[in-house]
Amino acid sequence: MSPAAPTRVFDPARYATFRFTGWTFDEPSATAALSYALDDEVRFTERVALPAGAPPLSPERRAVLHAILDLLHQVAGVSYYKTAAPERLAVETGAISPGRARLLTAVYVHGLGEYAYRNGLDLAARLRFAPDGDARPAPTPLAPTGRSLVPVGGGKDSVVALETMRAAGADVTLFSVGDPSAIAATAAVAGLPRLVARRTIDPLLMRLNREGALNGHVPVTAIVALIALATAALHGHDEVVLANERSASQGNLEHRGLEVNHQWSKGLDFEHGLQAVLAAEVSPGLRCFSILRGASELAIARAFARLPAYHHAFTSCNATFRLDERRRADTWCGDCPKCRFVTLALAPFLAPRDIEAIVGADLLDDPAQVAGFLALCGFEEHKPFECVGEREESVAAFRLLAADPRWAGHAAVRAARERLLPAVPAGFGEPDAVLALGGDHEIPARLLPAVHARLGA
């Protein structure tokens, strides 16, 4: 018998520089190729196929599209940078402005905060994008079209966002990266046109992950937002309307003096930073904002509970969106922080039988799930590294359930009433305060009446 081939091992410490080597865009196929390298040795190319069928590009739209693709190239590099996290960055595609350097540094430091925490790295101390003097590309004005692009992810938040935009009388086109079953199902219920982009990760990345590359969570929402913006420029939309809630700005824990937030790229800091770069360097009229920014997840859940046509189409469990199709679930897994949080947020506004019909089980009455439900409140451990709501709104949901005869006897509700709520500071998680709209946001004034009508009560 011949000896087994030696296992290849990837050593992150070998590499000194992560290089942004270039990008191209093929107009006939609407496909961008984004290329990177570790030193001169390891090279990656990611491909992003934008939706086909766009009208011919005017010179102005071509300029805006190329400016967005340049920024996408720099932001999407996080997926490949994290394999080794070298200290030196080399942007070989042109000068970057001070404003863009600040945004990119934030994307790599804060967007990779959970990754750095899990891998014991201090990215804040060593990772900076260096601006090239006062370099700043001139923005290109575009004639407005009055059209809005709304990304959908198959969950309740994007459903509330698209229905709020529809109620405001907007000319809405849906958008997604890929076509998972939950996205297709919710889009079918909406009955609106949808544009689908495709993102193909370099397969070398998956191989290096198996061979010892550093790995962890990346700010994927930042990447999706920029692919949506590229689609908007290509197909003639004025704005990309996201469905990121107030709680996305709340972190999970502190690590080496830095707040670690699993949802950082869904938060307000990223939204502000991106909008500033769009206005200064891309196009002053192109906008990207979240229409749900002033709302808590609990308020969004209340609005979603009033949209029964979607109740059996949506899925919020991340197991249905895994990159590895062999590990991708068809529906709710029923045993993860996301399944528990969506159950908890919807339960005050629906009956137990309705929740069980959606998720497939009565999770709140499962003793094995009690610790996981209490963890959402962040008192026994830090908030889970998942897209879940604020601690206050989890407490508010338990306050509502404890007073609801339909739910008061369920195992997790009893545990909250006996162990959690007596220890909660006075005034913390009061339902009226949690459900109220408020906070900073970038929502245009023309949309605020529809936002208040759907989410305000």
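A brief look at the structure comes next.

What to know about the pattern of salt bridges
Under the criterion given, the structure shown has 19 salt bridges. A salt bridge links D179 to R194, with the shortest nitrogen-to-oxygen separation between them at 2.8 Å. Residue D179 is found in the loop between β6 (171-177) and α7 (181-190), and its partner R194 is found in strand β7 (residues 194-200); the two are separated by 15 residues along the sequence. The network of salt bridges with common partners includes R19, D40 and E92.

With respect to the pairing of strand β3 (residues 42-49)
Of the two faces of β3, only the one carrying V42, F44, E46 and V48 is buried; R43, T45, R47 and A49 on the other face are not. Inspection of the sheet shows strand β2 (residues 31-38) paired to β3 by eight bridges, in the antiparallel sense. Residue pairing for β3: A32 is matched across the bridge by V48. The antiparallel pairing of β2 with β3 creates a hairpin that spans three residues between the two strands, and D39 there sits at a positive phi of about 50°. In this sheet, β7 lies alongside β3 in antiparallel orientation, the contact comprising three bridges. Bridge pairing in β7 places V48 opposite R199.

Let's talk about the side chain of D70
The residue D70 is located in helix α1 (residues 59-76) in this model. Classification of D70 by relative accessible area gives buried; the value is 15%. If sequence neighbours within four positions are ignored, D70 has contacts with W23, T93 and R100.

Points about unusual backbone geometry
The backbone of D39 sits at a positive phi, close to 50°, despite the residue not being glycine. Relative to the elements of secondary structure, D39 occurs in the loop between β2 and β3. For D39, a relative accessible area of 22% translates into the label partly exposed. Phi at A85 is positive, roughly 50°, even though this residue is not glycine. Looking at the secondary structure, you find A85 in the loop between α2 (78-81) and β4 (88-91).

Each value, and the rule that gives it
Residues numbered from 1 in each chain as written. Predicted model: local features only at pLDDT ≥ 70, side-chain atom pairs only at ≥ 80, totals over all residues. Heavy atoms only, no water. Salt bridge = Lys/Arg side-chain N within 4 Å of Asp/Glu carboxyl O. Helix = DSSP H or I, 4+ residues; strand = E, 2+ residues; numbered from the N terminus. Buried < 20%, exposed > 50% of the residue type's maximum accessible area, 1.4 Å probe, protein only. Pairing = 2+ DSSP bridges. Contact = heavy atoms within 4.5 Å.

The values are spatial; any link to function lies outside them.
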